[in-house]
Amino acid sequence: KNAIKRVGKQLRQAGWMSHLGPCDESGKKPAARVGVIWREGAVQVFHQRIKGETLRQASERGVVAKYTVDVGWEKAYTCYNVYGCSGGSSECRSITETLMTLCREEMQADVHNPTMVLGDFNARPNSLGPISTWSKEESWTDVGHRADWWGGQPDRWTCQSKPDAKPSRIDGLVVDLSLIHI
């Protein structure tokens with residue numbers, strides 16, 4: 001906790017703001033928490049209360065958070081930050097897919113801002129059932145998969161946990177296409 005406070009202080013001194021959720025202590029050892037940092041004065045970020053009971057419980061464990069990002073000029077975006085279950089088992093994958101489904105339910109019951117879901121999914125984004133469905137049926141796109149739209153290389157790796165580990169693409173940014181056209 002002291003390290004988190006120290007880092008928060010360093011961020012503030014450098015002109016950054018932050019919001020961090022609680023640490024997930026439901027596993028064998030505490031896991032990372034989700035959060036957001038932003039440049040003070042550049043945008044405004046508001047932590048939003050999650051309405052759905054099951055997703056709110058996940059938020060209280062620190063594995064999902066919801067934010068509104070106000071960039072000015074009457075433009076705001078909704079952002080869901082998700083920390084998927086690690087381990088690679090079918091049970092872990094199912095937990096991550098459930099989080100995604102719960103996020104989508106929350107979106108449907110909420111203000112309809114352009115929306116993004118990002119985070120450490122612990123799986124290739126398009127390999128998760130809900131994201132694949134959103135892409136095929138609801139005009140969503142996996143930004144990393146479409147990096148060539150911006151001159152980048154599609155499907156580049158995002159994670160290499162150790163120097164000798166094989167790089168993988170288990171982090172993602174999935175957006176409603178209305179975000180791309182802004």
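See the structure above.
Residues numbered from 1 in each chain as written. Predicted model: local features only at pLDDT ≥ 70, side-chain atom pairs only at ≥ 80, totals over all residues. Heavy atoms only, no water.

### Structural notes on the overall build of the chain
Now for step 1: A tally of helices and strands in the chain yields 5 helices and 8 strands.
Now for step 2: For 182 residues, the compact-globule formula gives about 16 Å, and the C-alpha radius of gyration of the chain, at 16 Å, lands near that figure.
Now for step 3: Across its three principal directions, the C-alpha atoms of the chain cover 45 × 40 × 40 Å.
Now for step 4: For the chain, with 182 residues in total, the buried portion stands at 36%.
Now for step 5: Across the chain, contacts joining residues at least 24 apart in sequence account for 58% of those joining residues at least 6 apart. (Helix = DSSP H or I, 4+ residues; strand = E, 2+ residues; numbered from the N terminus. Rg over C-alpha atoms; globule rule 2.2 N^0.38 Å. Buried < 20%, exposed > 50% of the residue type's maximum accessible area, 1.4 Å probe, protein only. Contact = heavy atoms within 4.5 Å.)

### Points about helix H1 (residues 2-13)
Now for step 1: With 12 residues, H1 ought to run about 16 Å at 1.5 Å a step, and its terminal C-alpha atoms sit 17 Å apart, in line with that.
Now for step 2: Just beyond H1, the residue with positive phi is Gly-15, at close to 90°. (Expected span 1.5 Å × (residues − 1).)

### Structural notes on helix H4 (residues 129-137)
Now for step 1: When we look at burial in H4, the residues that qualify are Pro-130, Ile-131, Ser-132 and Trp-134.
Now for step 2: Buried residues along H4 sit in contact with helix H3 (90-108), strand S6 (115-120), strand S7 (140-142) and strand S8 (171-176).

### Here's the deal with the sheet that holds S6
Now for step 1: Read across the sheet, 6 strands follow the order S3-S4-S5-S6-S8-S7 without closing on themselves; strand pairing throughout is mixed. Edge positions in the sheet fall to strand S3 (44-47) and S7, since each of these pairs with one other strand and no more. This sheet shows a mean twist of 20° between the axes of neighbouring strands, independent of strand direction.
Now for step 2: Where H3 meets the sheet, it contacts strand S4 (64-72), strand S5 (75-83), S6 and S7, and its direction lies at approximately 155° from that of S5. (Pairing = 2+ DSSP bridges. Axes fitted to C-alpha atoms, helices over the stretch in contact; angles between N-to-C directions.)

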